[in-house]
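# Breakdown of the fold
Residue-level listing of the chains:
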Amino acid sequence: MRVLIGFPPGGGVDIVGRIVLPRAAARLGQPFVIENRGGANGNLAMEALFQEPADGNTLFFGNVGNLAVTNALYPHLRFDTVRDLLPIAQVVEVPLVVAVHSRLPVRTLREFIDHAKARPGELNAGSGGSGGPSHLALELFNRRAGTEIIHVPYRGSAPALQDLATGRIQMMIDAYNVLRPLVEAGQVRLLAITAEQRRSILPDLATATEAGLPDFIVYGWQGLVTRTGTPPAIVEALERAVEAALQEPEVRQALAAQGADVRFRGTAAFTAFLRAERARWGAVIRDAGITLN
């Protein structure tokens with residue numbers, strides 16, 4: 001069985017996938033071959049999925065940007081993620097953190113918002129690509145905070161992190177596991193976490209609400225899907241295997257170390273969740289006037 005991932009190795013989706021999927025495969029007694037096909041917000045990998053038969057032997061492991069946003073960003077796609085994809089299981093939720101370059105003269109989220117408001121269009125925020133969780137969070141941040149921070153998309157998180165480390169860009173909103181090396185090296189400063197409550201991995205980091213930006217709650221999430229038309233028995237077996245893998249202490253510990261919260265939703269619940277997320281983020285994209293070809 002092949003599992004397609006729409007990002008290069010070493011990114012957040014790839015890390016989580018390589019923690020969970022081998023354990024699910026062990027439950028099935030059949031290995032998964034993970035294949036990374038980066039580019040176009042995961043669309044290249046999803047296109048590859050649709051070139052294969054709907055027999056359950058080719059799967060796609062993606063995130064909110066791939067699964068809930070891509071049709072709003074790319075209006076001319078030949079596939080529709082609600083119509084043509086069959087959700088199997090959601091795996092994790094990942095709260096994001098607001099990070100700025102350490103030389104920026106701010107210590108709190110409120111100071112940063114005031115700093116950005118005084119410099120409309122002058123500050124840049126990087127992401128691993130248009131339409132991903134980091135980009136979506138920035139668009140929502142601009143609307144909640146009343147700022148005009150410019151989005152700079154990169155081909156993956158690694159080059160964005162390089163520019164954040166040098167100060168070429170001033171901000172990123174991304175998962176802590178992505179930003180952690182720069183935090184530990186003293187090159188970036190964390191200002192807030194986008195969850196409802198503080199996290200044990202970062203007990204001293206305030207939530208955005210605590211830091212003065214109400215209603216800025218954003219989670220990245222990841223899950224496994226396949227093609228619509230895949231036999232129900234195969235989908236059910238995969239769903240059970242993922243659920244069982246997520247109960248293993250070693251898997252839960254490994255995910256917690258990445259700052260990810262286990263969040264299992266089976267086929268029915270994941271399908272409803274996807275529809276709600278597509279409506280939520282589609283509205284953000286439309287309000288921001290963003291479209292990609």
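Worth saying up front: this structure is predicted, and the values here are computed from it rather than measured.

### Considering the overall build of the protein chain
- Secondary structure assignment for the protein chain yields eleven helices and ten strands.
- Here the C-alpha radius of gyration of the protein chain, 19 Å, is about what a compact globule of 293 residues would show, namely 19 Å.
- Dimensions along the principal axes, computed over C-alpha positions, put the protein chain at roughly 55 × 45 × 30 Å.
- For the protein chain, the residues scored as buried account for 55% of the 293 residues in total.
- Of the contacts made within the protein chain by residues no fewer than 6 positions apart, 77% connect residues no fewer than 24 positions apart.
- Of the roughly 12200 Å² that the protein chain leaves accessible, carbon and sulfur atoms contribute 50%.
- Each charge sign in the protein chain was given a centre, from 29 positive and 28 negative side chains, and these centres are 2 Å apart.

### Overview of the packing of aromatic side chains
- The full count for this structure, using the stated rule, is five aromatic pairs.
- Summarising the aromatic geometry, the rings of Phe-112 and Phe-141 are spaced 6.2 Å apart at their centres and angled 45° between planes, so their arrangement reads as tilted. Here the residue Phe-112 occupies a position in helix H5 (residues 109–117), and Phe-141 occupies one in helix H6 (residues 133–145), the gap between them amounting to 29 residues. We note that Phe-112, like Phe-141, is buried.
- Seen in terms of ring centroids, Trp-221 and Phe-270 are 5.9 Å apart; in terms of plane orientation they differ by 85°. Their pairing is edge-to-face. Note that Trp-221 is positioned in strand S9 (residues 219–227) and Phe-270 in helix H11 (residues 267–288), a separation of 49 residues in sequence.
- Relative accessible area serves as the criterion here: at 2%, Trp-221 is assigned to the buried category.
- An aromatic cluster of at least three residues, connected via ring pairs, comprises Phe-112, Phe-141 and Phe-216.
- Between the NZ or CZ atom of Arg-265 and the centre of the ring of Phe-273, over which it lies, the distance is 4.1 Å.

### Considering the packing of helix H3 (residues 64–73) against H11
- Running from N to C, H3 and H11 point in directions that differ by 45°, and their axes come no closer than 9 Å. It follows that H3 is oblique to H11 by the angle criterion. Classified by chirality, the crossing of H11 by H3 is right-handed. For the pair H3 and H11, the contacting residues are Val-64, Leu-67, Ala-68, Val-69, Asn-71, Ala-72 and Leu-73 in the first and Phe-270, Leu-274, Glu-277, Arg-278, Trp-281, Gly-282 and Ile-285 in the second.

### So, the nonpolar core
- Core analysis: the largest hydrophobic core is formed by 103 residues, its most contacted members being Leu-109, Phe-112, Phe-141, Met-171 and Phe-216.
- Broken down by element, this core gets its largest block of residues, eleven residues, from strand S4 (residues 85–101).
- Setting aside anything within four residues of it in sequence, one finds Phe-112 in contact with Val-100, Leu-104, Val-106, Leu-123, Phe-141, Ile-149, Met-171 and Leu-191.

### Some points on the pairing of strand S8 (residues 188–193)
- Taken across its six residues, S8 has six buried, putting it largely inside the fold.
- Across five bridges, the pairing between S4 and S8 is antiparallel. Among the inter-strand pairings, Val-98 is bridged to a residue of S8, identified as Ala-192.

### Comments concerning the side chain of Thr-207
- Turning to its location among the elements, Thr-207 is positioned in the loop between S8 and S9.
- By relative accessible area, which is 3% here, Thr-207 ends up buried.
- Sequence-distant contacts of Thr-207, defined by excluding residues within four places in its chain, comprise Ala-192, Ile-193, Ala-195, Glu-196, Gln-197 and Arg-198.

### A short note on the pairing of strand S6 (residues 150–153)
- By the bridge criterion, four bridges tie strand S5 (residues 124–127) to S6 in an arrangement that is parallel. Within S6, the position partnered with Gly-126 by the bridge is Val-152.
- In this view, the connection linking S5 to its parallel neighbour S6 by way of H6 has right-handed handedness.

### Some thoughts on the packing of helix H1 (residues 12–28) against helix H10 (residues 249–257)
- Relative to each other, H1 and H10 sit at 175°, their axes nearing to 10 Å. Classified by the angle their axes make, H1 and H10 are roughly antiparallel. Contacts between H1 and H10 involve Val-16, Ile-19, Val-20 and Arg-23 on the former and, on the latter, Val-251, Ala-254 and Leu-255.
- Considering only residue class, the contact of H1 with H10 consists of six nonpolar, no polar and one charged.

What counts, and where the lines are drawn
- Residues numbered from 1 in each chain as written.
- Predicted model: local features only at pLDDT ≥ 70, side-chain atom pairs only at ≥ 80, totals over all residues.
- Heavy atoms only, no water.
- Helix = DSSP H or I, 4+ residues; strand = E, 2+ residues; numbered from the N terminus.
- Rg over C-alpha atoms; globule rule 2.2 N^0.38 Å.
- Buried < 20%, exposed > 50% of the residue type's maximum accessible area, 1.4 Å probe, protein only.
- Contact = heavy atoms within 4.5 Å.
- Areas by Shrake-Rupley, 256 points an atom, 1.4 Å probe, with all protein chains shown as cover.
- Lys, Arg positive; Asp, Glu negative; His and termini not counted.
- Charge placed at Lys NZ, Arg CZ, Asp CG, Glu CD.
- Phe/Tyr/Trp six-rings, centres within 6.5 Å; stacked < 30°, edge-to-face > 60°.
- Lys NZ or Arg CZ within 6 Å of the ring centre and 35° of its normal.
- Axes fitted to C-alpha atoms, helices over the stretch in contact; angles between N-to-C directions.
- Parallel < 35°, antiparallel > 145°, perpendicular 65-115°, else oblique.
- Left-handed = near helix turned anticlockwise from the far one by under 90°.
- Core = buried A, V, L, I, M, F, W, Y, C linked by side-chain atoms within 4.5 Å.
- Pairing = 2+ DSSP bridges.
- Right-handed = clockwise from strand over helix to strand, strands pointing away.
- Nonpolar A, V, L, I, M, F, W, Y, C, P; charged D, E, K, R; others polar.

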